[in-house]
Amino acid sequence: MSTGEGQEKGKGKGKARFGIGRFWSMVLTLVVVYAILKWAIPAISRQITNLPFPLPVPGTLIFMFMVLTVIALFLLVTFSQAHLDEFLRPVRKLLRAEYGKPPLIAVLCAVPLVIGWQVYDTTVPKIAVPSALRIQHPSSNFPKSFEALKNPFASPTDAEVAAFVEQAKANEVALIPQVMGDVERWMEEADPDHMLAFIPTRPMQRFLEQLADGNVDTETARAALVEKHLFEGRALYAMNCRACHGDSVAGDGPMADGFKLRPINFTDNGTIETIVEGYTFWRVSNGGPGLPTEATPWDSAMPEWKLSLTEEERWKIILAEYDLAEKTPRIPEGH
Ligand code: HEC
C-alpha cells in the first residue's frame with residue numbers, strides 16, 4: 001500500500017507527542033473535555049460563588065461543546081493523509097484481527113448492541129406516573145397545632161390598646177426599627193402635631209382627632225393600632241417580599257419572571273384566601289425548603305423566612321399581605 005510510509009511517519013509523530021497514538025489521544029481528549037464540563041466547572045463554580053452546592057453546566061451546553069470538540073478533532077485528524085492513517089490504524093488492526101479474534105468479536109457484538117439499546121431506549125413507550133397538577137397547598141407535613149393560630153396583630157387585646165393609647169398620648173409610639181429612620185426624617189421635614197399623622201387612613205385620623213380632644217374610645221384606638229401594624233407590615237413586605245410577589249401583590253415583582261414556578265398571586269381567589277392564617281404563617285416560615293414532595297415537580301424559590309424574620313415580623317407581613325390583596329383568611333373549622 002502506498003500509505004505505508006506515511007503511516008510510519010505519522011506513527012512516529014503521534015507517539016512522540018502523546019506516547020499513546022493518535023486514536024487514543026483523541027478518545028482521551030473527548031473524555032477530558034467531557035469531565036471538565038461535567039465535573040470540573042461545577043466544582044470551580046462552587047469555589048467562586050461560595051454556595052453550598054455546585055452550579056451544573058446545562059445538558060444542552062455540554063452537548064454543544066462536545067459537538068464542537070468532535071468537529072475540532074475531525075479537522076485535526078483529517079489534516080493530512082498521514083494523520084488520518086495513523087488515527088485509523090488501531091481500527092484497521094482490530095478489524096483485521098491483528099489483536100486476535102476475541103477483541104474483534106467483542107467489539108463487533110458490542111457496537112450493534114449499544115446502538116440497538118440506545119434506539120430502544122429512546123423509542124420505547126415510557127410507563128410513568130401520570131403527570132399530576134402541582135398541589136398548591138400541600139399539608140402532609142403541616143403541624144396541626146398551627147391550624148387554629150390567630151394573627152396576634154389583627155385583634156389587639158385591651159391591655160395592648162391601653163398601652164398604645166399611653167404611647168400615643170406621650171407622642172412616643174414604638175415602631176419597628178426598620179421604619180424609624182424614615183419616620184424621624186419625615187418628622188423633621190413635616191413637623192407634624194403627632195408622629196402617627198403620616199398614616200392617612202380614616203381609623204388613624206379619627207383616633208388622632210379623639211386624642212387631640214382628650215376622649216379616646218377603645219374601639220377607635222384598637223382600629224388605629226391595627227393601622228399601625230398594617231403600616232409596619234407593608235414596610236416589611238416592601239423590604240422582603242416585593243421583589244417576587246410585586247407591588248400589587250399579584251406575583252409580578254421584578255424577579256418574578258426568573259422562576260419556573262411563579263411567585264404566588266395573592267389577589268387570586270385560589271391562593272391565600274383558601275387557607276387558614278396558621279397555614280400561611282407556616283408556609284411563610286418554612287418557604288420552599290419546607291414543602292413536602294406532593295408540592296413538586298417544581299421546586300419553590302420561596303425563602304425560608306423563619307431564618308431571617310422574627311415571628312412578630314412574619315405575622316405583621318401576613319396582616320399586610322391579606323390587606324393589600326383585599327382578602328380574608330379562611331376561618332378554621334369549628335370556630
Ligand atoms: C425569591 C422570591 C420570593 C420571595 C422574596 C418571596 N416569595 Fe413567597 N413565594 C415565592 C414563590 C415562587 C411561591 C410559589 C411557590 C410556592 O407555592 O411555594 C411563593 C409562595 C408564597 C406563599 C404561598 C401562597 C399559597 O397560596 O400557597 C405565601 C403565603 C408567600 N409566598 C408569602 C411570601 C412572603 C410573606 C414573603 C416575604 C416575607 C415572600 N413570600 C417572599 C417566591 C418568593
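See the structure shown above.
It should be emphasised that the depicted structure is a prediction, and the values quoted were computed from it without experimental measurement.

Caption draft 1: Representation of the overall build of the protein chain. When its secondary structure is counted, the protein chain shows 12 helices and 0 strands. For the protein chain, whose C-alpha radius of gyration is 34 Å, the value lies well above the compact-globule estimate of 20 Å for 335 residues. For the protein chain, the C-alpha atoms occupy an extent of roughly 115 × 50 × 25 Å along the three principal directions. The buried share among the 335 residues of the protein chain stands at 20%.

Caption draft 2: Highlighting the site of the ligand. Residues in contact with the ligand amount to 25 residues; listed here are only the nearest, C241, C244, T271, S300 and M302. Contributing elements (two or more residues each) for the shell around the ligand: helix 10 (242-245), helix 11 (277-286) and helix 12 (311-325). Within the shell around the ligand, the residues separate by chemical class into 15 nonpolar, 8 polar and 2 charged.

Caption draft 3: Expanded view of the nonpolar core. Counting 37 residues, the largest nonpolar core has F207, A221, I318 and L319 as its most contacted members. Elements with a minimum of two residues in this core: helix 6 (158-169), helix 8 (202-213), helix 9 (218-240), helix 11 and helix 12. The element best represented in this core is helix 9, accounting for 8 residues.

Caption draft 4: Here's a closer look at the environment of T218. Its place among the elements puts T218 in helix 9. For T218, a count of 11 C-beta atoms within 10 Å gives the class exposed. Separated by 57 residues in the primary sequence, T218 and V161 place their C-alpha atoms 7.1 Å from one another. Not counting chain neighbours up to four residues away, the residues in contact with T218 comprise D158 and V161.

Caption draft 5: Representation of the packing of helix 9 against helix 12 in the model. Helix 12 packs onto helix 9 with a crossing angle of 95° between their chain directions and a minimal axis gap of 7 Å. When the axes of helix 9 and helix 12 are compared, the pair comes out roughly perpendicular. Taken together, the residues of helix 12 that come into contact with helix 9 (itself represented by H229, L230, E232, G233, R234, L236, Y237 and N240) are E313, K316, I317, L319, A320, E321, D323 and L324.

Caption draft 6: Broad picture of helix 8. The terminal C-alpha atoms of helix 8 lie 16 Å apart, and with 12 residues this matches the ideal 16 Å at 1.5 Å per residue to within 8%. Along helix 8, the residues classified as buried are M204, F207, L208 and L211. For helix 8, the angular spread of the buried residues around the axis is 100°, confining them to a single face. Residues of helix 8 that are exposed and angled more than 90 degrees away from the buried face: R202, E209 and D213. In this structure, the buried side of helix 8 is in contact with helix 6 and helix 9. The positive-phi residue at the C-terminal boundary of helix 8 is G214, with phi of around 85°.

About the cut-offs
Residues numbered from 1 in each chain as written. Predicted model: local features only at pLDDT ≥ 70, side-chain atom pairs only at ≥ 80, totals over all residues. Helix = DSSP H or I, 4+ residues; strand = E, 2+ residues; numbered from the N terminus. Rg over C-alpha atoms; globule rule 2.2 N^0.38 Å. Buried ≥ 20, exposed ≤ 12 C-beta atoms within 10 Å, placed from the backbone. Near = placed C-beta within 6 Å. Nonpolar A, V, L, I, M, F, W, Y, C, P; charged D, E, K, R; others polar. Core = buried A, V, L, I, M, F, W, Y, C linked by C-beta atoms within 7 Å. Contact = placed C-beta atoms within 7 Å. Axes fitted to C-alpha atoms, helices over the stretch in contact; angles between N-to-C directions. Parallel < 35°, antiparallel > 145°, perpendicular 65-115°, else oblique. Expected span 1.5 Å × (residues − 1). Arc of directions from axis to C-beta.

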